[in-house]
Amino acid sequence: MSKDDMALWIYSSGTTGRPKAIVHLHHDVIDADRHLTTNLGIQPGDRLFCTSKIFFAYALGNVLLGGLRAGATLILNRGWPDAEHVARVVADKRPDVFFTVPTFYKNLIASGVSKDPAFGNLRCCVSAGEALPSCLLDQWRETTGHEIYEGLGSSETIYLVIANRPGACRPGWSGRLQPWVEARLVDEAERIVDEPNTPGMLWIRTDSVCDRYWNRQQLSRETFVDGWYRTGDVMSFDEDGWWRHHGRQDSMLKISGQWVSPVEIEERVLTAGNVVEAAVVGKTNEDGLTRATLFVVPATRPTDEDEYRNQLLAHLRADLAVYKCPRNICLLDELPRTDTGKL
């Protein structure tokens with residue numbers, strides 16, 4: 001085979017539309033262990049465990065491909081994981097490095113199994129797949145004594161392109177650009193955004209960017225331009241090179257002429273009392289204007305739901321501009337998720 005021959009397809013998780021078959025070439029596999037060995041210090045014999053199944057790029061890239069290239073031992077879990085089963089695997093197989101998504105970290109804490117001493121024996125904990133709320137990191141640190149090293153990647157890159165690591169970790173931020181990755185931000189007119197703390201659309205260039213979407217020629221031409229991958233993520237960077245994720249371009253809300261990040265609202269909601277999960281979407285009212293609607297899962301169903309909504313609004317208004325505060329709040333028992341655990 002040539003390094004430029006087609007090696008594998010992986011399907012996108014379908015959070016932003018119909019899943020796409022993403023075509024990766026043989027040379028994409030060569031980069032698999034860079035983050036593991038360079039940033040996480042993984043050596044031959046280290047044990048890696050990811051709760052996600054290997055049809056998810058996060059597990060495929062970091063554990064299966066990356067772990068094998070690093071000479072690590074892989075712990076693969078048969079069946080669909082839940083918190084109690086994962087706790088038994090961690091206690092029995094003693095992984096050194098633990099990979100999961102924010103939702104599963106939350107489940108481990110909520111079920112109480114994260115208090116098992118086996119989680120305290122982990123050397124390193126990694127999170128990707130969606131934004132990691134700072135409050136969740138605080139709870140994990142208090143329970144296990146460990147940091148969680150958040151990173152940003154995609155099925156199109158397989159591996160993390162921006163990441164926190166031991167010795168360079170900032171809660172609430174996606175991390176720093178990997179040394180082998182180029183990135184730039186552009187505005188709506190595709191002009192370069194070079195001012196710190198100014199959100200823009202993230203474009204990535206690295207060797208592991210996929211070749212194309214199978215049988216989606218027009219979308220491929222729109223997404224992959226002159227070697228750059230237009231990720232659809234809205235991000236900003238600060239003066240020290242730390243990158244913050246503000247949400248997906250297609251989930252950003254234009255309210256009162258201002259761009260609003262659902263992530264900002266959701267993270268603030270999670271710091272209120274009696275909240276397990278939150279999601280914000282835009283809803284067009286009868287005047288044709290977009291307003292934020294909040295879906296929230298209470299830890300305990302309130303007896304007075306109107307009072308609960310008023311308390312949430314007061315909590316949000318203490319820190320957010322009025323136009324960012326949701327006009328509608330809906331209470332749910334759970335939020336919908338994909339097979340990869342994404343909202």
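The present account deals with the structure reproduced in this document. (Residues numbered from 1 in each chain as written. Predicted model: local features only at pLDDT ≥ 70, side-chain atom pairs only at ≥ 80, totals over all residues. Heavy atoms only, no water.)

1. With respect to the overall build of the chain
- When you go through the chain residue by residue, the secondary structure sums to nine helices and 21 strands.
- Computed over its C-alpha atoms, the radius of gyration of the chain comes to 20 Å, within 12% of the 20 Å expected for a compact globule of 343 residues.
- Reported as C-alpha extents along the three principal axes, the dimensions of the chain are approximately 60 × 50 × 40 Å.
- Scored against the burial criterion, the 343 residues of the chain give a buried share of 50%.
- Within the chain, residue pairs in contact and separated by at least 24 positions form 60% of the contacts whose partners lie at least 6 positions apart.
- As displayed, the chain offers around 16,500 Å² of accessible surface, 47% of which is attributable to carbon and sulfur atoms.
- Charge separation in the chain, taken as the distance between the mean sites of 38 positive and 46 negative side-chain charges, equals 3 Å. (Helix = DSSP H or I, 4+ residues; strand = E, 2+ residues; numbered from the N terminus. Rg over C-alpha atoms; globule rule 2.2 N^0.38 Å. Buried < 20%, exposed > 50% of the residue type's maximum accessible area, 1.4 Å probe, protein only. Contact = heavy atoms within 4.5 Å. Areas by Shrake-Rupley, 256 points an atom, 1.4 Å probe, with all protein chains shown as cover. Lys, Arg positive; Asp, Glu negative; His and termini not counted. Charge placed at Lys NZ, Arg CZ, Asp CG, Glu CD.)

2. Quick word on the sheet that holds strand E19 (residues 277-284)
- Spatial strand order, E19-E20-E21: three strands in an open sheet with mixed pairing. Each end of this open sheet is capped by a strand with a single partner; those strands are E19 and strand E21 (328-331). Across the sheet, the mean angle from the axis of one strand to that of its neighbour is 25°, orientation sign disregarded.
- Direction of pairing for strand E20 (residues 290-297) relative to E21: parallel, over a ladder of four bridges. If you follow Thr293 over to E21, its bridge partner there is Asn328.
- In the packing of helix H9 (residues 305-317) onto the sheet, contacts are made with E20 and E21, and the angle to E21 comes to roughly 125°. (Pairing = 2+ DSSP bridges. Axes fitted to C-alpha atoms, helices over the stretch in contact; angles between N-to-C directions.)

3. Brief notes about the nonpolar core
- Among the nonpolar cores identified, the biggest contains 42 residues, and Phe98, Phe99 and Leu108 are the most heavily contacted of them.
- Here the element with the most residues in this core is helix H3 (residues 83-93); it accounts for five residues.
- When neighbours within four sequence positions are excluded, Phe99 is seen to be in contact with Leu36, Leu40, Leu48, Phe49, Cys50, Thr51, Tyr58, Asn62, Val63 and Val126.
- Core analysis: the second largest hydrophobic core is formed by 25 residues, Tyr159, Ile162, Val181 and Ile204 among them. (Core = buried A, V, L, I, M, F, W, Y, C linked by side-chain atoms within 4.5 Å.)

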